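Architecture and fold: a report
One-letter residues, chain by chain:
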Amino acid sequence: MSTTAAPEAVKVPAEVEKSIVKFVARHGGSGTAVLQYIGKQGVRITLVGADGILGDRVVGDMATAKAIVERVDGLAETDEWSRELGSIVTPTAKHWDKMAAWVAHQTKFPKARNWKLFVGA
C-alpha cells in the first residue's frame, strides 16, 4: 500500500476550455499558450494561433491553466515569449483598439501635466 495521496483533479471551467478550443480551430488548428501569473487575478493564458492572431483568457491558478493546455488538442505551452513566437504575432485592428481602450478614437487630448518643463526647450 502506498501512503502518498493521489493528486487532486483540477476543475477546468467549461466555458474557458470551450472558447480556447474554438480559438484554436478558427486560427489554423494549432497554437501556443503563454502562461503568465498576474497576481491575485490568477494566470493569463495568452494564445497565439498558427496564423499569428492573439487571444487570451484568465483562470484562477497555474494548475488550471496547465490542465486546459493539456486538454486542448493542438495547443502547446511555453513559459516565456521567444523571438520566434513574437515574430509570428499579427494583432488585428480590433485588437489594437481593444488595447488602447478609450484613447483609440480620440481626436483631442489633454495637455501634458509637465508641459512647463519643456517650454522653450
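Bear in mind that the values here come from a model prediction, so they are computed numbers and not experimental data. (Residues numbered from 1 in each chain as written. Predicted model: local features only at pLDDT ≥ 70, side-chain atom pairs only at ≥ 80, totals over all residues. Heavy atoms only, no water.)

1. Some points on the overall build of the protein
We count it as follows: Runs of H or I in DSSP of at least four residues are treated as helices and runs of E of at least two as strands, each being numbered from the N terminus. Residue exposure (1.4 Å probe, protein chains only): buried if accessible area is under 20% of the type maximum, exposed if over 50%, otherwise partly exposed. Note on contacts: a residue pair is in contact if any heavy atoms of the two residues lie within 4.5 Å. Throughout, the Shrake-Rupley method with a 1.4 Å probe supplies accessible areas, and for residues the shown protein chains are the sole cover considered.
Along its length, the protein carries 4 helices and 4 strands. For the protein, the succession of helices and strands along the chain, N to C, is α-β-β-β-α-β-α-α. For the protein, the proportion of its 121 residues judged to be buried stands at 26%. The long-range share in the protein, meaning contacts at least 24 apart out of those at least 6 apart in sequence, stands at 54%. Of the roughly 9,100 Å² that the protein leaves accessible, carbon and sulfur atoms contribute 56%.

2. Looking at the side chain of His27
Formally: Whenever a nitrogen or oxygen atom comes within 3.5 Å of another N or O atom, the pair is scored as a polar contact, on the condition that within protein one atom can donate a hydrogen and the other can accept it, and that pairs from neighbouring residues in sequence are kept only if both atoms are in side chains.
Locating His27 in the fold gives a position in the loop between helix H1 (14-26) and strand E1 (31-37). Of note is the side chain of His27, whose polar atom sits 3.0 Å from the side chain of Asp51. For His27, the contacting residues outside a window of four places in its chain are Gly49, Ala50, Asp51 and Ile53.

3. Some thoughts on the nonpolar core
Formally: What we call a nonpolar core is a set of buried Ala, Val, Leu, Ile, Met, Phe, Trp, Tyr and Cys residues that are connected through their side-chain atoms within 4.5 Å.
Core analysis: the largest hydrophobic core is formed by 18 residues, its most contacted members being Ile20, Ile45, Ile68 and Leu75. The residues touching Ile45, leaving out its near neighbours within four places in the chain, are Ile20, Ala33, Val34, Leu35, Gly55, Asp56, Arg57, Val59, Ala65 and Ile68.

4. Focus on the sheet that holds E1
Rules: The rule for pairing is simple: two strands pair if DSSP sees at least two bridges between them. Axis definition: a line fitted to C-alpha atoms, over the contacting stretch in the case of helices. Angles run 0 to 180 degrees between N-to-C directions.
Judged by pairing direction, the sheet is mixed, and its 4 strands sit side by side in the order E3-E2-E1-E4 without closing on themselves. Of all the strands in the sheet, the pair left with one neighbour each is strand E3 (54-59) and strand E4 (75-78). Strand after strand, the sheet turns through a mean of 25° between neighbouring axes, direction not considered. Bridge count between E1 and E4: 4 bridges; the pairing is parallel. Counted as the bridge partner of Gly31 is Leu75 from E4. Packing of H1 onto the sheet brings it into contact with strand E2 (43-49), E3 and E4, and relative to E3 it is tilted by some 165°. Along the sheet, helix H2 (residues 62-71) makes contact with E1, E2, E3 and E4, crossing E1 at roughly 175°.

5. Here we look at the pattern of salt bridges
Stated precisely, the cut-off is as follows: For salt bridges, the criterion is a side-chain nitrogen of Lys or Arg within 4 Å of an Asp or Glu carboxyl oxygen.
Counting across every chain of the model gives 3 salt bridges. Of the charged contacts in the structure, one is a salt bridge between Arg44 and Asp56, with a shortest N-O distance of 2.9 Å. Placement of Arg44 in strand E2 and of Asp56 in strand E3 is noted, with a sequence separation of 12 residues between them. Residue classification places Asp56 among the partly exposed residues on the basis of a relative accessible area of 32%.

6. Describing H1
The cut-off we apply is this: To estimate the expected span of a helix, count its residues, drop one, and scale the result by 1.5 Å. Arc definition: directions from the helix axis to the C-beta atoms.
An ideal rise of 1.5 Å per residue puts 18 Å on 13 residues; H1 measures up with 18 Å between its terminal C-alpha atoms. For H1, the set of buried residues is Val16, Glu17, Ile20, Phe23 and Val24. End-on, the buried residues of H1 take up no more than an arc of 125°, which puts them together on one face. The outward face of H1, more than 90 degrees from its buried face, is lined by the exposed residues Ala14, Glu15, Lys18, Ala25 and Arg26. Backbone geometry just after H1 places Gly28 at a positive phi near 100°.

7. Digging into H2
Listing the buried residues of H2 in full gives Thr64, Ala65, Ala67, Ile68 and Val69. Check the buried side of H2 and you find it contacts H1, E1, E2, E3 and E4.

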